[in-house]
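Results of the structural survey
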Amino acid sequence: MRDFNEPEAKLDALLDTINSSARQAIAEYKKIGHGSPRAIRLLEGAYHQLSSILAPPQHAVMNFVFNYNWACTNVALRARIADVLDEQPEGLSVDKLAEAVNLDEIKTARVLRAPTLMGCFKEVERDVFANNRLSLILKSENNTAWFARVLSRHVSKCAGVVYESMIEEEFSRSHEIDKSPRDFVFRKEGLKGKAWKILNSTDDETRNEFHRGMFSLSELHGASAVLYHYPWDDVSSVVDIGCSVGSFPTPLAKMFPHLRITNQDLPEVIVQAKTPWEENAPEVLLDGRVEFIPINFLEDVPAVGKDVYYLRNIIHNWPDVDATKIFHNIRKAMGPNSRVLIHDCVMVQTFQESGVATDELTIAPEPMLPNFGAGSHRTYQMDLIMWFTLNSKERTLDELKTIGATVSLILTQVYDLVETMVVEFRIAEI
Ligand SMILES: C[S@@+](CC[C@H](N)C(=O)[O-])C[C@H]1O[C@@H](n2cnc3c(N)ncnc32)[C@H](O)[C@@H]1O
């Protein structure tokens, strides 16, 4: 056992973790083109922790704010620079590139150099840029490009007023959904609109942006891992509550032909929800294994007596009072063998709490922070996005348990899928 009170032992252990996780990621990269999320979580967490110990403090701290890569990425996305470069795999001089996207040449080069430093785009010779493995993701055909565009354009605006929203009387101590920094921005700009009305808007561009963003989030989170990790063979019916346009239930139906699936979302979404099924899984529609039922889950009870009530990226959208209403309505629909699956990012503390069960969670090896530190970067950023846009949050397992307990549901199983977790609840036996 190493004594981590000795600073050197700590540094050596972090270096060992970097070494072993990097070796694992390299082996995976050779096979599938990238390291697995599990290896990358360890690697990112360990090297950030090591560098924050070794670097001058002002250097480490200023890196938090010396970070305008989001602004440069936003320009690249909106000007579709990766699409233009894609036609010139050997590289394109910045004067021609700037002309093609109708921007200033000198500014375009500066916008590209900051992400290039981080490995996104390549300067093949002075003022000649080309795509590389990372910048190809920014091509407009990719869902990730759309999600990155929404975050860097809209959410960054909400982030800019967080402190103001925390000291303005009406917003400061409110945890209601319509008192988010986004609402603060809207009020300042004289705009109106509830978040879900806008996201499910009748304006095709906004709606398309949102739907592609949701597909991207699921890709980013590797959320399809739930298809392989949950025992779907043991259930026969699944309700996807807040299904959107079906990025989860369509592959589920294809992989498990015995399942009967109910899609539930707001009426305006259910109208659009059939199209992707017609395009991607028409055989399931023809089999009659899938149904579409509109719902307002804050008020209505979902389809009754099904085996699984699955909610992905739903509970994190709602403050506690609304999340409790959703649980309450589902509880009314459940039969004795039903279970609820909450599929969200789950917050794990940066410290080891004595007496708090960690269930099935993977805890990082010492001397790393128990939650892998920077290896959990995206989870903590998602939590902030939920706050900035919906005054909501990602939750800890204990917070989820507390909401479940209000309707006599107990946590029975946790599946740690690295970027997200699937948390199973069943009716508590009395
Ligand atoms: C963040 S999206 C998640 C979509 C999908 N579960 C996924 O992971 O891709 C949230 C979904 O909740 C739906 N929603 C919002 N408010 C709702 C309500 N009151 N009743 C039913 N669905 C609602 C939205 O229309 C949207 O499709």
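Quantities reported herein were computed from a predicted structural model and do not represent experimental measurements. (Residues numbered from 1 in each chain as written. Predicted model: local features only at pLDDT ≥ 70, side-chain atom pairs only at ≥ 80, totals over all residues. Heavy atoms only, no water.)

Digging into unusual backbone geometry
The general pattern is negative phi for most residues beyond glycine and trans for most peptide bonds. What counts, and what does not: The way it works is that DSSP assigns letters per residue, a run of H or I at least four long becomes a helix, a run of E at least two long becomes a strand, and they are numbered from the N terminus. Partly exposed describes any residue whose relative accessible area lies between the buried limit of under 20% and the exposed limit of over 50%, with all areas from a 1.4 Å probe on protein chains only and scaled to the type maximum.
For the bond running from Glu 366 to Pro 367, omega is 5 degrees, close enough to zero to count as cis. Its location among the elements puts Pro 367 in the loop between strand E8 (339-344) and helix H19 (377-390). Phi is positive for Arg 80, which is not a glycine, with a value near 55 degrees. Its location among the elements puts Arg 80 in the loop between helix H4 (69-78) and helix H5 (81-86). Unlike most non-glycine residues, Asn 391 shows phi in positive territory, near 55 degrees. Counting through the fold element by element, Asn 391 comes out in the loop between H19 and helix H20 (397-405). Judged by relative accessible area, Asn 391 falls into the buried class, the value being 8%.

Thoughts on the domain arrangement of the protein chain
How large an interface is tends to be reported as the accessible area lost when its parts come together. Here is the rule we go by: Start and end positions for the domains come from either an automated domain assignment or a database one.
By the assigned domains, the protein chain splits into domain 1 (7-65), domain 2 (69-138) and domain 3 (217-427). The distance between the C-alpha centroids of domain 2 and domain 3 comes to 38 Å.

Overview of the sheet that holds strand E4 (residues 237-241)
The pairing of strands in a sheet happens through backbone hydrogen bonds and is either parallel or antiparallel. As a reminder, the rule being used: When DSSP finds two or more bridges between two strands, those strands count as paired. Geometry is summarised by axes, namely lines fitted to C-alpha atoms with helices restricted to the contacting stretch, and by angles between N-to-C directions that run from 0 to 180 degrees. We call two residues in contact when some of their heavy atoms are within 4.5 Å.
Strand order in the open sheet formed by seven strands is E6-E5-E4-E7-E8-E10-E9, with mixed pairing between adjacent strands. Looking at strand neighbours, the two that pair on one side only are strand E6 (290-294) and strand E9 (409-416), the edges of this open sheet. For this sheet, the mean angle separating the axes of adjacent strands, direction not counted, is 20 degrees. Bridge analysis of strand E5 (residues 260-265) against E6 gives five bridges, and the strand direction is parallel. Bridge pairing in E6 links Asp 265 to Pro 294. Sheet strands in contact with helix H16 (residues 267-280) are E5 and E6, and its direction is about 160 degrees off that of E6.

Concerning the packing of helix H6 (residues 94-101) against helix H7 (residues 105-117)
Our working rule: These descriptions rest on fixed angle ranges, namely under 35 degrees for roughly parallel, over 145 for roughly antiparallel, 65 to 115 for roughly perpendicular, and the rest for oblique. The nonpolar class holds Ala, Val, Leu, Ile, Met, Phe, Trp, Tyr, Cys and Pro. Asp, Glu, Lys and Arg form the charged class, and all remaining residues, Gly among them, are polar.
Closest axis-to-axis distance for the H6/H7 pair is 9 Å, and the angle between their directions is 100 degrees. Viewed along their axes, H6 and H7 adopt a mutual orientation that is roughly perpendicular. Of the residues in H7, those touching H6 at Val 94, Asp 95, Leu 97 and Ala 98 are Glu 105, Thr 108, Ala 109 and Leu 112. The residue makeup of the contact of H6 with H7, split by class, is five nonpolar, one polar and two charged.

Brief notes about the packing of aromatic side chains
For clarity, the threshold we go by: Classification of ring pairs uses Phe, Tyr and Trp, with its six-membered ring standing for Trp, and accepts pairs whose centres are within 6.5 Å; under 30 degrees between planes counts as stacked, over 60 as edge-to-face, and the remaining range as tilted.
This model, assessed by the stated rule, comprises 10 aromatic pairs. Between Trp 277 and Phe 292, the aromatic rings sit 6.3 Å apart at their centres with planes inclined by 90 degrees, giving edge-to-face as the arrangement. Taken as a pair, Trp 277 in helix H16 and Phe 292 in strand E6 lie far apart in primary sequence, 15 residues in all. Phe 292 matches Trp 277 in its accessibility class, with the two residues each being buried. Ring geometry for Phe 297 against Trp 318: centres 5.8 Å apart, planes inclined by 85 degrees, an arrangement best described as edge-to-face. Remark: Trp 318 occurs in the loop between strand E7 (308-312) and helix H18 (320-333) and Phe 297 occurs in the loop between E6 and E7; sequence separation between them is 21 residues. An identical accessibility class is assigned to Phe 297 and Trp 318; each is buried. One aromatic cluster is present, built from ring pairs that chain together Tyr 230, Trp 232, Phe 248, Tyr 310 and Tyr 415.

Side note on the site of the ligand
Just so we agree on the cut-off: Whether a residue is near a molecule or strand depends on its heavy atoms: it is near if one of them lies within 4 Å of it. Two N or O atoms form a polar contact when they lie within 3.5 Å of each other; inside protein one atom must be a possible hydrogen donor and the other a possible acceptor, and for residues adjacent in sequence the pair counts only when both atoms belong to side chains. All accessibility values rest on the Shrake-Rupley procedure with a 1.4 Å probe; residue burial counts only the protein chains present in the view.
Neighbouring residues of the ligand: 19 residues in total, closest Asn 200, Gly 242, Asp 265, Asn 296 and Arg 312. Within the backbone of Phe 297, a nitrogen or oxygen atom sits 3.0 Å from a nitrogen atom of the ligand. Arg 312 is positioned such that a nitrogen or oxygen atom in its backbone is 2.8 Å from a nitrogen atom of the ligand. A total of 590 Å² of accessible area belongs to the ligand in isolation, and the protein chains cover 97% of it. Grouping the amino acids of the shell around the ligand by side-chain chemistry returns 10 nonpolar, seven polar and two charged.

Quick word on helix H2 (residues 37-54)
What counts is decided by this rule: Here the expected span of a helix is defined as 1.5 Å times the quantity of residues minus one.
Its 18 residues give H2 an end-to-end C-alpha distance of 26 Å, which sits within 8% of 26 Å, the value for a rise of 1.5 Å per residue. Those residues of H2 lying buried are Ala 39, Arg 41, Leu 42, Leu 43, Glu 44, Gly 45, Ala 46, Gln 49 and Leu 50. Those residues of H2 hidden inside the fold are in contact with helix H1 (7-32), H19 and E9.

Here we look at the nonpolar core
The cut-off we apply is this: The criterion is simple. A nonpolar core is a set of buried Ala, Val, Leu, Ile, Met, Phe, Trp, Tyr and Cys residues joined through side-chain atoms within 4.5 Å.
Counting 44 residues, the largest nonpolar core has Leu 311, Val 340, Ile 342, Val 423 and Phe 425 as the members making the most contacts within it. In contact with Val 423, not counting residues within four places along its chain, are Val 340, Leu 341, Ile 342, Val 346, Leu 397, Leu 400, Leu 411, Gln 413 and Val 414. Counting residues in hydrophobic clusters, the runner-up holds 27 residues, among them Val 226, Ala 273, Ala 281 and Leu 341.

Notes on a nonpolar patch on the surface
Here is the rule we go by: Patch criteria: residues need more than 30% relative accessible area and no salt bridge. Like-charged residues are merged within 9 Å; nonpolar side chains of Val, Leu, Ile, Met, Phe, Trp and Tyr are merged within 5 Å. What counts as a salt bridge is simple: a side-chain nitrogen of Lys or Arg found within 4 Å of a carboxyl oxygen of Asp or Glu.
Residues Val 61, Met 62, Phe 64, Val 65 and Phe 66 make up a contiguous nonpolar surface patch of roughly 540 Å² in combined accessible area. Structurally, Val 65 can be placed in helix H3 (residues 57-65). With relative accessibility at 47%, the residue Val 65 sits in the partly exposed group.

Brief notes about the sheet that holds strand E2 (residues 122-125)
Sheet architecture is open: three strands sit in the order E1-E3-E2, paired in antiparallel fashion. Unpaired on one side and paired on the other, strand E1 (92-93) and E2 mark the two borders of the sheet. One ladder, built from two bridges, connects E1 with strand E3 (residues 128-130); its direction is antiparallel. Across the sheet, Leu 92 pairs through a bridge with Phe 129, a residue of E3. Here H7 sits on the sheet in contact with E2 and E3, set at roughly 50 degrees to E3.

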